[in-house]
Amino acid sequence: GQTDLESPQDIQVYAVNTNFTLRWNYTGDVTNVTFSAEYKWFDDLQTSEPEWKELSGCRNVSYTECDFSSAITAYYDPHHVRVRAERRGDKSPWSAVFEMTPCEIALIGPPEIALQSINGVIKIMVSPPEANQVQKIWLNPLRFKYNLVIWENSSNAEVRSQNILPTDEIDDLAPETTYCLKVQATVPLEYQEGLFSPIHCIKTTRKVKDLLCPTNVRVVALNMKFHLHWNNRYKQHVSYTVQHLSGYWKNLYGDYSTKWLNVPGCENITDTKCNFSSVITTVRGFHYLRVQAMSEYNKSCLSKEVKVDPLKTNEIGPPVVRVDVSDVLLHIQIFPPGGPENEIMRDHYALSYRVLYWKNSSDDEEGVKVKETKQTIATVSDLTPSTLYCVKVQAFSADYNKSSDFSKEECIETAGDTILPLIILATFLVALAAVVVVASLVAFFLYKAYNKIKYMFFPSCQPPLNIEGFGGHLFSSPYLPATEEPVEICYVIESSIAEEVNQIDFKDYRHSEESSQDSGNYSCDDNTSGSKGSEGRLEK
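Not measured: the values here are computed from a predicted model. (Residues numbered from 1 in each chain as written. Predicted model: local features only at pLDDT ≥ 70, side-chain atom pairs only at ≥ 80, totals over all residues. Heavy atoms only, no water.)

Trainee: Help me understand the pairing of strand β15 (residues 192-196), please; the structure alone is not making it clear to me.
Mentor: Successive residues of a regular strand alternate their side chains across the two faces of the sheet. Here three bridges tie strand β14 (residues 178-187) to β15, and the two strands are oriented antiparallel to one another. Across the sheet, the residue bridging to Val187 is Gln192, located in β15. Count of turn residues in the β14/β15 antiparallel hairpin: four residues, of which Tyr191 carries a positive phi of about 55°. (Pairing = 2+ DSSP bridges. Helix = DSSP H or I, 4+ residues; strand = E, 2+ residues; numbered from the N terminus.)

Trainee: Please clarify how the sheet that holds strand β9 (residues 112-118) should be interpreted in this entry.
Mentor: Backbone hydrogen bonds are what pair the strands of a sheet, in a parallel or an antiparallel way. Pairing is antiparallel across the open sheet formed by three strands, whose spatial order is β9-β10-β13. In this open sheet, the two edge strands, each paired with only one partner strand, are β9 and β13 (167-170). Each strand axis lies, on average, 25° off the axis of its neighbour in the sheet, ignoring direction. Here seven bridges tie β9 to strand β10 (residues 121-127), and the two strands are oriented antiparallel to one another. (Axes fitted to C-alpha atoms, helices over the stretch in contact; angles between N-to-C directions.)

Trainee: Can you help me understand the packing of aromatic side chains in this one?
Mentor: Aromatic ring pairs: the centre-centre distance and the angle between the two ring planes describe each pair. Going through the model one piece at a time under the given rule, you end up with ten aromatic pairs. Ring centres of Phe20 and Tyr75 lie 6.2 Å apart, and the angle between their planes is 10°; on these two criteria the pair is classed as stacked. Highlighted residues: Phe20 in strand β2 (residues 19-25) and Tyr75 in the loop between β5 (65-67) and β6 (79-87), separated in sequence by 55 residues. Each member of the pair, Phe20 as well as Tyr75, carries the same accessibility label: buried. With 5.3 Å between their ring centres and 75° between their planes, Tyr26 and Phe35 make a pair best called edge-to-face. (Phe/Tyr/Trp six-rings, centres within 6.5 Å; stacked < 30°, edge-to-face > 60°. Buried < 20%, exposed > 50% of the residue type's maximum accessible area, 1.4 Å probe, protein only.)

Here it is in structure tokens:
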């Protein structure tokens, strides 16, 4: 069981597309030594451990490499590979196992290219790697992007690199000059770069200038409204037709010349501009436009194509601003560019707004203030009363590094200070209340004083008519003290009188009653002794 043969070392697999080569190193004596390899294929549907099998193309080889492309058909399943050395009946131990998944280690092969030089440009057509193979490891060729490297065939040539489509044109070349180029296929999303194609060289032709062809074809887009403009150098009658091609067709391989469509409303026009917004039905992907000029002699010429990436080509217009003011806040309402019906502007640009506001006065020391918001409603606090504020707003998109012009300035004056009028009103009301209270007190005391004076000098009690003839004798009578105020005694005379009263007294009493009614229906006396005392004084 002992052997002098060493095991192979440094097992590697080199793969390009579906071509697989197994390589290794051997440090022992290679005299009459051959090598054999085995592999195991781990199928997802297989439940048991797979067995080692002979690797086709790597049986009894005398070199330290072998091609086993025919043995690999499952490019997305794991494989194990091992190698050993053999001399006659003697065999070395197996090498370390090399583990691989073919699609992960395979390199992208070089594409095939075809060139044509015409009218000062080079037309290039690229075929994807494995284009002519039946068995393919790259299942979706549309994933490939192509990188072109081109240079003049001279000693001090400048090399330039650019991305190209499967069918494309290379312009801005010097006439009657030989250019060499090579193309590489890449998969940017997976950070894969393939091998370059063989170098091809071709000579350019001199460009024929045709005055009929439209020049300076350009796109002007604002708020998703797209217009194509061009220049006319032809002095005679000419009509134009604008044609549109979806970028989808350019990503495919082959001829797409029949896929160009006329833009509605831009057929056989004499103007040098066209509104092609109707054909931009999606903002994803690219669009291509060109202008076909037709003379009155049915001679035609096509302009250069222009590429449109809607969200990058479009420019953002200024928003519309409305301002209002309350007691302590400045309210700013922002209407997005393009109007309320333009949902693309809001949905794809993720617009933010830069609000500039300032005091429109000569003594403003604070200057312009800036406030950024994602909302369409903004407020500004800490306002100065009775001050004119001005506002303008700019829309911008951080994702696309785009910004609009500022909106038209809107100015509004804040209300006056309400604290001082309130203080003045409160002071006036307090003073008015004080005046009313003082006036009421003064009127009350004057009224009281007036009543006292009137009672003292003009008493309401008058002597009866039957004693008015005595005049001042009554008051100077010694029977009435001078310092004592007369006491008023009033009483009502009942209508029924006892029959036993003397008839003469009754007559005198009735006469006294009539006199009392004339003087107010009451009498004055010094005591409460009744009517008999009064009659005695009258007789006396």
